[in-house]
Amino acid sequence: MLKKFKVRNFKNFLDDIELDLGNIKNYEFNEAAIRQGIIKDAIIYGINASGKTNLGYAILDLTLHLLDQLGAASRYSPYTNLYSGNSTAHFEYTFEFDHQVLTYQYEKGLPRNVTREILSINNNIIIKNAPEDTFVHLKGSENLNLDIWDNSISLVRYVKANTVLDKADDNCKIFLQFWDFISKMLWFSSTEGNRYIGANSSNGFLCQAIAELDQVDGLQEFLNDLGIRYRLKVHEDDEGKNIYCIYGNKVVPFTSVWSSGTRSAVFFYLWYCQIRNMSFLYVDEFDAFYHYEMAEAIFRKLLKEDVQVIVTSHNTDLITNDLLRPDCYFEIQNNSIKSFSDLTPKALRQAHNIQKMYKAGAFHENC
């Protein structure tokens, strides 16, 4: 899982900002939100323009140069902070797999052009791409020809594409787990159209994609669970399979009758029905169009899944110890992000009304 993330000179983050998902406290409730000492489920709050969306972009940045994410690159402009005189952004990820720590650091001035990268496993440098030195220390890479690598792509990506690594070797195992994890990371938002970055196994428009996955019955059940009653069916039209809605003896395209909240829920469901193929999910403003009860119901569905989940929200009704715990709620402010438990000297207990404390400004101090 992702244990820690740090970025500098990216979009509105001029100085270092660090999200520490390994900084857990000794709470004895909602322990399922923690896995192997790492926060599995988190909600991030912050005023408008504090950086919630950009944090998601930053975390998913590594998919741009390691995977084929050409379409997403347009959302990363401008790339570096406009107040900075430095032309490169710095990223640092710490992952933990089977109690082994993998760190991946890199610098870029553009979304796809890596100028420096270092991948370490348990503090040992395994792959280095830098002007002063370049090497790969992984079993199976001994015959890798770096002479034909022109630095136009990431060295980490070049290694993965051009070697048959020794799967019995401990470092190779961790490297392959890292690659599998990042290939299953996803960011999505429905606030400005249905946008996503990262894992993608769906093609076509929203309803067509769900129909092609044979998930229309599941969608109807999902919506019914949220209190949204529709009778849905698959119908073939000029563009292939699509979802239609039944009203007595009339059948109309689902998109012609849904509300903005229903559309957002359908977009969520498209990814939710594929969630078992994901490792990490960042949902920006996930409940922007939802009633507060619907927002809680959807988040509780996410809590039951194995995927590591971060959502951003302005909905303070989700701030409750009945749902998560104080070290899983974060506030982003003043180019810093900290958990509620680190934003107050007070010992927070399960009985505390942390929503009331949040509204009173208990966690709005200068970080």
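Just so it is clear, the structure is predicted and the values come from calculations on it, not from any experiment.

Chemist: Before we go on, may I ask you to explain the overall build of the chain in this structure?
Modeler: Counting its regular elements, the chain contains nine helices and 19 strands. Its C-alpha radius of gyration of 22 Å places the chain within 12% of the 21 Å reference for a compact globule of 367 residues. The dimensions of the chain, computed from C-alpha atoms along their principal axes, are 70 × 60 × 45 Å. Every one of the 367 residues in the chain was classed for burial, and the buried ones make up 54%. Accessible surface, the chain as shown: approximately 16800 Å² in total, 44% of it carbon and sulfur.

Chemist: Is there a simple way to explain the sheet that holds strand E18 (residues 329-333) in this structure?
Modeler: Note: strands within a sheet are paired through backbone hydrogen bonds, in either parallel or antiparallel orientation. With mixed pairing, the seven strands of this open sheet are ordered in space as E12-E11-E16-E17-E5-E18-E19. Here the strands that pair on one side only, and so sit at the sheet edges, are strand E12 (195-198) and strand E19 (336-339). Averaged over neighbouring strand pairs, the angle between their axes works out to 20 degrees when direction is ignored. One ladder, built from four bridges, connects strand E16 (residues 280-283) with strand E17 (residues 308-312); its direction is parallel. Residue pairing in the sheet places Leu281 in a bridge with Val309 of E17. Strands in contact with helix H7 (residues 260-272) are strand E11 (185-189) and E12; relative to E11, the strand with the most contacts, it is inclined by about 175 degrees.

Chemist: So what exactly am I meant to see when it comes to the pattern of salt bridges here?
Modeler: What the rule picks out here adds up to 16 salt bridges. For the salt bridge of Asp16 with Arg8, the shortest nitrogen-to-oxygen distance reads 2.9 Å. Assessed through its relative accessible area of 31%, Arg8 is described here as partly exposed. Where Asp41 meets Lys40, a salt bridge forms, and the shortest distance between an N and an O atom there is 2.9 Å. Lys40 carries the same exposure label as Asp41, and that label is buried.

Chemist: Help me understand the packing of helix H3 (residues 155-162) against helix H4 (residues 170-182) in this model?
Modeler: The relative placement of two packed helices comes down to the angle between their axes together with the axis-to-axis distance. Interaxial distance between H3 and H4 falls to 12 Å at its minimum, and their mutual angle equals 105 degrees. With respect to their mutual orientation, H3 and H4 come out roughly perpendicular. Facing Val156, Arg157, Val159 and Lys160 of H3, the residues of H4 in contact are Phe175, Leu176, Phe178 and Trp179.

Chemist: Would you mind showing me how to read the layout of surface pockets here?
Modeler: Over the atoms, a rolled probe matching the size of one water molecule traces out where space is still vacant. By volume, the largest pocket amounts to about 390 Å³. Surrounding the largest pocket, 20 residues form its lining, Met1, Arg35, Phe181, Ser279 and Asp306 being those nearest its centre. Among the elements of the structure, strand E6 (89-97) and H4 are those that each provide at least two residues to the lining of the largest pocket. At three residues, the largest contribution of residues to the lining of the largest pocket is made by H4. Looking at the lining of the largest pocket residue by residue, the class counts come to seven nonpolar, five polar and eight charged.

Chemist: Any chance you could explain empty space enclosed by the protein here in plain terms?
Modeler: Enumeration over the complete set of coordinates arrives at one cavity of 30 Å³ or more. Approximately 50 Å³ is the volume found for the largest cavity. In terms of lining residues, the largest cavity is bounded by Phe188, Ser189, Ser190, Ser264, Phe267, Phe268, Val283, Asp284, Glu285, Phe286 and Tyr290. Breaking the lining of the largest cavity down by element, the ones donating at least two residues are E11 and H7. Here the lining of the largest cavity is composed, by residue class, of six nonpolar, three polar and two charged.

Chemist: I keep staring at the pairing of strand E14 (residues 240-247) and nothing clicks. Help me out?
Modeler: Successive residues of a regular strand alternate their side chains across the two faces of the sheet. Of all eight residues in E14, six are buried; the element is thus mostly enclosed. Of the strand pairs in this sheet, strand E13 (residues 232-237) and E14 are connected by six bridges, and their pairing is antiparallel. If you follow His235 over to E14, its bridge partner there is Asn242. Hairpin remark: E13 followed by E14, antiparallel, with two residues in the connecting loop.

Chemist: What exactly am I supposed to notice about the packing of aromatic side chains here?
Modeler: Aromatic ring pairs are defined here through the distance separating the ring centres and the angle between the ring planes. Enumeration according to the criterion identifies 38 aromatic pairs in this entry. Relative to Tyr79, the ring of Phe10 lies with its centre 5.3 Å away and its plane at 85 degrees, an arrangement referred to as edge-to-face. Placement of the pair is Phe10 in the loop between strand E1 (2-8) and strand E2 (17-20) and Tyr79 in the loop between helix H2 (62-66) and E6, with a sequence separation of 69 residues. A relative accessible area of 0% places Phe10 in the buried class. Classification of Tyr79 as buried rests on a relative accessible area of 6%. Ring centres 5.1 Å apart and planes at 45 degrees place the aromatic pair Tyr104 and Tyr106 in the tilted group. Neither Tyr104 nor Tyr106 differs from the other in exposure class; each is buried. Positioned above the aromatic ring of Phe289, the side-chain terminus of Arg263 is 5.6 Å from the ring centre.

How each quantity is defined
- Residues numbered from 1 in each chain as written.
- Predicted model: local features only at pLDDT ≥ 70, side-chain atom pairs only at ≥ 80, totals over all residues.
- Heavy atoms only, no water.
- Helix = DSSP H or I, 4+ residues; strand = E, 2+ residues; numbered from the N terminus.
- Rg over C-alpha atoms; globule rule 2.2 N^0.38 Å.
- Buried < 20%, exposed > 50% of the residue type's maximum accessible area, 1.4 Å probe, protein only.
- Areas by Shrake-Rupley, 256 points an atom, 1.4 Å probe, with all protein chains shown as cover.
- Pairing = 2+ DSSP bridges.
- Axes fitted to C-alpha atoms, helices over the stretch in contact; angles between N-to-C directions.
- Contact = heavy atoms within 4.5 Å.
- Salt bridge = Lys/Arg side-chain N within 4 Å of Asp/Glu carboxyl O.
- Parallel < 35°, antiparallel > 145°, perpendicular 65-115°, else oblique.
- 1 Å grid on protein atoms, 1.4 Å probe; cavity = no way out; pocket = protein on both sides within 12 Å on 5 of 7 lines; lining within 4 Å.
- Points joined across faces, edges and corners; volume = space filled by probe spheres on them.
- Nonpolar A, V, L, I, M, F, W, Y, C, P; charged D, E, K, R; others polar.
- Phe/Tyr/Trp six-rings, centres within 6.5 Å; stacked < 30°, edge-to-face > 60°.
- Lys NZ or Arg CZ within 6 Å of the ring centre and 35° of its normal.

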